Amino acid sequence: MLQQTRVETVTAYYERWMQRFPTLQSLAEASLQEVLSQWEGLGYYSRARNLHRAAQIVVEQYGGELPADLDALRKLPGIGAYTAGAVASIAFGIDAAALDGNIRRVLARVFNVSEPARSPSGERQLWELATANLPAGRAGDFNQALMDLGSQICTPRNPDCTNCPLQQDCQAYALGIQEERPVRTPKPEIPHYLVTAAVIESAGEVLITQRPLDKLLGGLWEFPGGKVEEGETLEAGLQREIREELEAEIRVGEPFGVYQHAYTHFRVTLHAFRCSLVNGSQPRPVQVQDLRWAAPEELPNFPMGKLDRQIAKRLLLT
């Protein structure tokens, strides 16, 4: 949960999560929908899907006990090199290096790594340094110490070099370039997308669709729609999207709000519209995982992303 999310945000989610899923067995036995509902609001929903699947694999293949093996850990969904190293060293005392953002920053400064930290060559050099300096039998303490040092002393900006225990060994400090390490790769301009959503109503219910499991926000429910293409009006783009996703024809009615959200790599402005099906048109899940008709008061039972949850909440007020 702490990957990509701040501690103060995570705490309440973690406590609620542990009450509902106190064991790997209970998590493995839960439905994906319940897992996503418990996770809703934390974002990066692939983390929840991977955690759920990893729990199922641990129960099925390892008797419900997390494997105390670096290679076995790395084969679990959602566990990469850093997480495997952290779990192996801290939980099982294995001599394994870890490289998170804090450790990466400390090593880049202490050893004056001039390669961009996130580049393949920079990443390789930092992993080599992390491994070469690992104290035998103390990897867990060492990794945690570097994490704490990076979060409290060797911070991204204005590092507290005066109180740093590694000051005498820090090559970047000696050269006065600690603020220039780690070297960062320029970030590309964040694209902005114009998207639409259809609030399709019939007999007191509204149509929602489930996003494909292998896509962004996979498994979450939403009001159907999508990106507006160049040269399209909002209404025409929405009708095309419904036709492509559901093989249905809709009549676009009055606007139902404008919603904005920034994801990691792009921003969206979403225009929602009240809509109705053209007589005889019956939607079916063509490019979506599933679809449901639900009363507005039932919508809290379906896990949704932030924008669709805002639309759902507005529906309850109308």
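Residues numbered from 1 in each chain as written. Predicted model: local features only at pLDDT ≥ 70, side-chain atom pairs only at ≥ 80, totals over all residues. Heavy atoms only, no water.

Side note on the overall build of the protein chain
Right, on to step 1. Secondary structure summary: the protein chain contains 12 helices and seven strands in total.
Right, on to step 2. Here the C-alpha coordinates of the protein chain stretch approximately 75 × 50 × 30 Å along the principal axes.
Right, on to step 3. When burial is assessed residue by residue, the protein chain has 45% of its 318 residues classed as buried.
Right, on to step 4. Pairs at least 24 apart in sequence give 61% of the contacts found in the protein chain among residues at least 6 apart.
Right, on to step 5. Total accessible area computed for the protein chain in this model is approximately 17,100 Å², and 50% of it derives from carbon and sulfur atoms. (Helix = DSSP H or I, 4+ residues; strand = E, 2+ residues; numbered from the N terminus. Buried < 20%, exposed > 50% of the residue type's maximum accessible area, 1.4 Å probe, protein only. Contact = heavy atoms within 4.5 Å. Areas by Shrake-Rupley, 256 points an atom, 1.4 Å probe, with all protein chains shown as cover.)

Re the state of the cysteines
Right, on to step 1. Counted by the stated rule, this structure contains zero disulfides.
Right, on to step 2. Residue Cys 161 stays outside any disulfide, its sulfur separated by 6.4 Å from that of Cys 170, the closest cysteine.
Right, on to step 3. A relative accessible area of 16% means that Cys 161 is categorised as buried.
Right, on to step 4. No disulfide involves Cys 164; its sulfur sits 6.1 Å from the nearest other cysteine sulfur, which is in Cys 154. (Disulfide = S-S within 2.5 Å.)

Quick look at the pairing of strand 5 (residues 250–262)
Right, on to step 1. Here strand 5 runs beside strand 6 (residues 267–277); their pairing, made up of nine bridges, is antiparallel. Bridge assignment links Pro 255 to a residue of strand 6, and that residue is Phe 273.
Right, on to step 2. The turn linking strand 5 back onto strand 6 is made up of four residues. (Pairing = 2+ DSSP bridges.)

Some remarks on the side chain of Ser 89
Right, on to step 1. Positionally, Ser 89 belongs in helix 6 (residues 81–92).
Right, on to step 2. Note on Ser 89: relative accessible area 3%, which makes it buried.
Right, on to step 3. One polar contact links the side chain of Ser 89 to the main-chain carbonyl oxygen of Gly 85, over a distance of 2.8 Å. (Polar contact = N/O pair within 3.5 Å; in protein donor to acceptor, adjacent residues only side chain to side chain.)

Notes on helix 3 (residues 32–39)
Since the α-helix packs 3.6 residues into each turn, any two residues three or four apart lie on the same face.
Right, on to step 1. Among the residues making up helix 3, those that are buried are Val 35, Leu 36, Gln 38 and Trp 39. Buried positions in helix 3, seen along its axis, are confined to an arc of 160° and lie on one side of it.
Right, on to step 2. The elements touched by buried residues of helix 3 are helix 1 (7–20), helix 2 (24–29) and helix 4 (46–62).
Right, on to step 3. Trailing helix 3 by a residue or two, Gly 41 shows a phi angle of about 110°, which is positive. (Arc of directions from axis to C-beta.)

Concerning unusual backbone geometry
Right, on to step 1. Here Arg 181 and Pro 182 are connected by a cis peptide whose omega angle stands at 0°.
Right, on to step 2. Even without being glycine, Asn 112 reaches a positive phi, approximately 50°.
Right, on to step 3. Although it is not a glycine, Ala 203 sits at a positive phi angle of roughly 55°.
Right, on to step 4. Relative to the assigned elements, Ala 203 resides in the loop between strand 1 (192–202) and strand 2 (205–210).

Remarks on the packing of aromatic side chains
Right, on to step 1. For the structure on display, the rule yields five aromatic pairs.
Right, on to step 2. Within the aromatic cluster, the residues linked to one another by ring pairs are Trp 17, Phe 21 and Trp 39.
Right, on to step 3. Lying across the ring of Tyr 193, Lys 227 places its NZ or CZ 4.0 Å from the centre. (Phe/Tyr/Trp six-rings, centres within 6.5 Å; stacked < 30°, edge-to-face > 60°. Lys NZ or Arg CZ within 6 Å of the ring centre and 35° of its normal.)

Structural notes on the side chain of Asp 308
Right, on to step 1. By the element assignment, Asp 308 lies in helix 12 (residues 306–317).
Right, on to step 2. The buried charged residue Asp 308 lacks any salt bridge partner; its closest oppositely charged side chain belongs to Arg 211, at an N-O distance of 6.8 Å.
Right, on to step 3. Not counting the four nearest positions on each side in its chain, Asp 308 is found in contact with Trp 221, Glu 222 and Phe 223. (Lys, Arg positive; Asp, Glu negative; His and termini not counted. Salt bridge = Lys/Arg side-chain N within 4 Å of Asp/Glu carboxyl O.)

What to know about the nonpolar core
Note on soluble globular proteins: their nonpolar side chains tend to be buried together.
Right, on to step 1. In terms of nonpolar packing, the biggest core is built from 21 residues, with Phe 223, Leu 270, Leu 299 and Ile 311 touching the most fellow members.
Right, on to step 2. Residue assignment for this core shows that the elements contributing at least two residues are strand 1, strand 2, strand 5, strand 6 and helix 12.
Right, on to step 3. In terms of residue count, the dominant contributor to this core is helix 12 (four residues).
Right, on to step 4. Ile 311 has contacts with Ala 197, Val 199, Phe 223, Phe 256, Tyr 259, Leu 270 and Ala 272, leaving out every residue within four places of it along the chain.
Right, on to step 5. Counting 20 residues, the second-largest nonpolar core is a separate cluster that includes Ala 97, Leu 99, Leu 107 and Cys 154. (Core = buried A, V, L, I, M, F, W, Y, C linked by side-chain atoms within 4.5 Å.)

Focus: helix 4
Right, on to step 1. The end-to-end C-alpha distance of helix 4 is 23 Å, a good match for the 24 Å that 17 residues give at a rise of 1.5 Å each.
Right, on to step 2. Listing the buried residues of helix 4 in full gives Arg 47, Ala 48, Arg 49, His 52, Ala 54, Ala 55, Gln 56, Ile 57 and Val 58.
Right, on to step 3. Next to the buried residues of helix 4 lie helix 2 and helix 3.
Right, on to step 4. Of the residues trailing helix 4, Gly 63 is marked for its positive phi of about 65°. (Expected span 1.5 Å × (residues − 1).)

A word on the pattern of salt bridges
Right, on to step 1. Evaluated as defined, the whole model comprises 16 salt bridges.
Right, on to step 2. The partner of Arg 284 in a salt bridge is Glu 247, and the shortest N-O contact between them spans 2.8 Å. Of this pair, Arg 284 sits in the loop between strand 6 and strand 7 (290–294) while Glu 247 is found in the loop between helix 11 (234–246) and strand 5, placing the two residues 37 residues apart along the sequence.
Right, on to step 3. Put simply, Arg 274 and Glu 254 hold a salt bridge, and the shortest N to O gap is 3.6 Å.

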